[in-house]
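Next come the chains, spelled out residue by residue.
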There are 2 protein chains.
Amino acid sequence: MTRDAGSPDSDGLKTPRTTLQRTPDRGSHDWDTIAAILDEGMICHIAFEAEGQPYAIPTIYGRDGRTLYIHGSPASRMLRSLAEGVPMCVAVTLVDGLILARSVFHHSMNFRSVVILGTARPVEDEAEKLRGLEVITDHLLRGRWQDARTPNDRELKVTSVLRMEIDEASAKVRPGGVADEAADMDFPVWAGRLPLALVPGEPETDPDVAAEHAVPQYVRDYKRSQ
Amino acid sequence: MTRDAGSPDSDGLKTPRTTLQRTPDRGSHDWDTIAAILDEGMICHIAFEAEGQPYAIPTIYGRDGRTLYIHGSPASRMLRSLAEGVPMCVAVTLVDGLILARSVFHHSMNFRSVVILGTARPVEDEAEKLRGLEVITDHLLRGRWQDARTPNDRELKVTSVLRMEIDEASAKVRPGGVADEAADMDFPVWAGRLPLALVPGEPETDPDVAAEHAVPQYVRDYKRSQ
């Protein structure tokens, strides 16, 4: 596949900085692909610089259309830095499996990832702040916001919410199985794919919960992966 | 817990930049804690800056004592930037569960994460390059290096290996269950913990593998989480 053919650019998300140089056949700027990865992911890693040092810090997030919300303590170095509008990068990566080829060289991973470049700004409006927290909460667990006790004024005051527009982004996807060299096909070793997924265990009820509050359907049916 | 008491500094990994400011009771500079998280993790996210833009890029890695190895194509923007010795940050994050409190405010995640600051340098020595690739391969799947066809000269030439010393690092761990305000304990909602783990599915044998090569023990017994 040629370098130019690999990156559908139907959604205006492609820029020179988000154009995949090396493996364009694995790259995409298609909004639906990007949105699906963001929705399945649970945490992101945010890159930013402070005093000449780049940091990569994990945090949860939520998406409302093409707006990404993050939140945290106003005292957090990351939140304070990002609120100033410094350049940032958000990465979301889903691990789907190990590709165990005959040659070490062709070992690989099945993964889906998104990288977003841009800047954030603080959400000051109280209604949008609540909306951002709803988006983040329901991103972790759809239905939870409606059930739990929503933030009061004091809690809102000590929570920073930032928004970032998703308008420069790319996705990278490595699907499929083993791809060995023809010369290695008879090498005496097993080869194949080992699928991996983030899977929930049994819900553990807090000991102080009254017996009439059963485990909600949205917890029992929780499923992260496709 | 006071700010100073929270961060054991037995291993020289603590600096002002890796000292956890906000939640020191969740922080640690203990080498064994850091090493265990690095060993259980599968991918890291690396933050670096290129042309004024910070990036967070996922990649696999391996650890040999206090040396971290990463690899990739010599054409990769990340590898080329890091080989110049620019400041970088490596983050490894394990997601262990959702904490579903009665209040949205006290929702949280069980996680374990490590952040390493430093610089990398290219591995030029061929023996160390092979050693780095062995460390990365066996980090993904212990035992695989011994079984698979190891890299030849041509493959080594088109693979960059970088090493980074782990001497400025911190871990952050959020264990435990729900911690709600006393005033919320009677709020009419279920609360608890939903454990999460990266779990392998059934190995899928490549269709061209000869029948005498059974799925290896290290694939059948694969286990990432504790």
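Residues numbered from 1 in each chain as written. Chains lettered and ligands numbered in written order. Predicted model: local features only at pLDDT ≥ 70, side-chain atom pairs only at ≥ 80, totals over all residues. Heavy atoms only, no water.

Draft legend 1. Quick peek at the overall build of chain A. Looking only at helices and strands, chain A features six helices and 12 strands. In terms of overall dimensions, chain A has a C-alpha envelope of 65 × 45 × 35 Å along the principal axes. Considering chain A as a whole, with its 226 residues, one finds that 55% of them fall into the buried category. Contacts in chain A between residues at least 24 apart in sequence constitute 70% of all its contacts with a sequence separation of at least 6. (Helix = DSSP H or I, 4+ residues; strand = E, 2+ residues; numbered from the N terminus. Buried < 20%, exposed > 50% of the residue type's maximum accessible area, 1.4 Å probe, protein only. Contact = heavy atoms within 4.5 Å.)

Draft legend 2. Examining the pairing of strand S11 (residues 192–200) of chain A more closely. Across four bridges, the pairing between strand S6 (residues 88–100) of chain A and S11(A) is antiparallel. Bridge pairing in S11(A) places Ile99(A) opposite Arg193(A). Bridge analysis of S11(A) against strand S12 (residues 204–205) of chain B gives two bridges, and the strand direction is antiparallel. Counterpart to Arg193(A) in the pairing with S12(B) is Glu204(B). (Pairing = 2+ DSSP bridges.)

Draft legend 3. Main features of unusual backbone geometry. All names here are of chain A. The backbone of Glu51 shows a phi angle near 50 degrees, a positive value even though the residue is not glycine. Structurally, the position occupied by Glu51 is in the loop between strand S2 (43–50) and strand S3 (53–60). On the basis of relative accessibility, which here comes to 85%, the residue Glu51 falls in the exposed class.

Draft legend 4. Spotlight on the relation of the copies chain A and chain B. Superposition of chain A onto chain B requires a rotation of 180 degrees combined with a translation of 0.0 Å along the rotation axis, giving an RMSD of 0.0 Å. The transformation just described matches what one would write down for a two-fold rotation axis. No C-alpha of chain A approaches the rotation axis more nearly than that of Leu198(A), which lies at 2.1 Å. Of the residues that chain A buries at the interface, 100% are likewise interface residues in chain B, meaning the two copies contact each other through the same surface. (Least-squares fit on C-alpha atoms with pLDDT ≥ 70 in both.)

Draft legend 5. Representation of the side chain of Thr159(A) within the structure. When you line up the elements, Thr159(A) lands in the loop between helix H5 (153–157) and strand S9 (160–165). What Thr159(A) contacts, discounting residues up to four positions off in sequence, is His71(A), Gly72(A), Pro74(A), Lys129(A), Leu133(A) and Phe105(B).

Draft legend 6. Region of interest: the interface of chain A and chain B. Contacts between the two partners involve 84 residues from chain A and, on the opposite side, 84 residues from chain B. For the pairing of chain A and chain B, the buried interface totals around 7300 Å² over both sides, and the portion due to carbon and sulfur atoms is 65%. Three residues stand out in chain A for area buried against chain B, namely Val104(A), Arg149(A) and Trp190(A), and they jointly supply 11% of the buried area on that side. Linking chain A with chain B are six salt bridges. Glu204(B) is the salt-bridge partner of Arg193(A), the closest N and O atoms lying 3.1 Å from each other. Run the count over chain A and chain B and you get 29 residue pairs in polar contact (both at pLDDT 80 or more). Ranked by residues supplied to the side of chain A that touches chain B, first place goes to S11(A) with nine residues. (Buried area = accessible area lost by both parts, 1.4 Å probe. Salt bridge = Lys/Arg side-chain N within 4 Å of Asp/Glu carboxyl O. Polar contact = N/O pair within 3.5 Å; in protein donor to acceptor, adjacent residues only side chain to side chain.)

Draft legend 7. Quick look at the confidence of the model for chain A. Residues and elements named next belong to chain A. For chain A, the mean per-residue pLDDT works out to 92, and 92% of the residues sit at or above 70. Here residues 1–9 is a poorly scored stretch, pLDDT under 50, and it has 17 contacts once near neighbours within four places are set aside; other chains count. Scored as a complex, the prediction yields pTM 0.93 and ipTM 0.92. (pLDDT = per-residue confidence, 0-100.)

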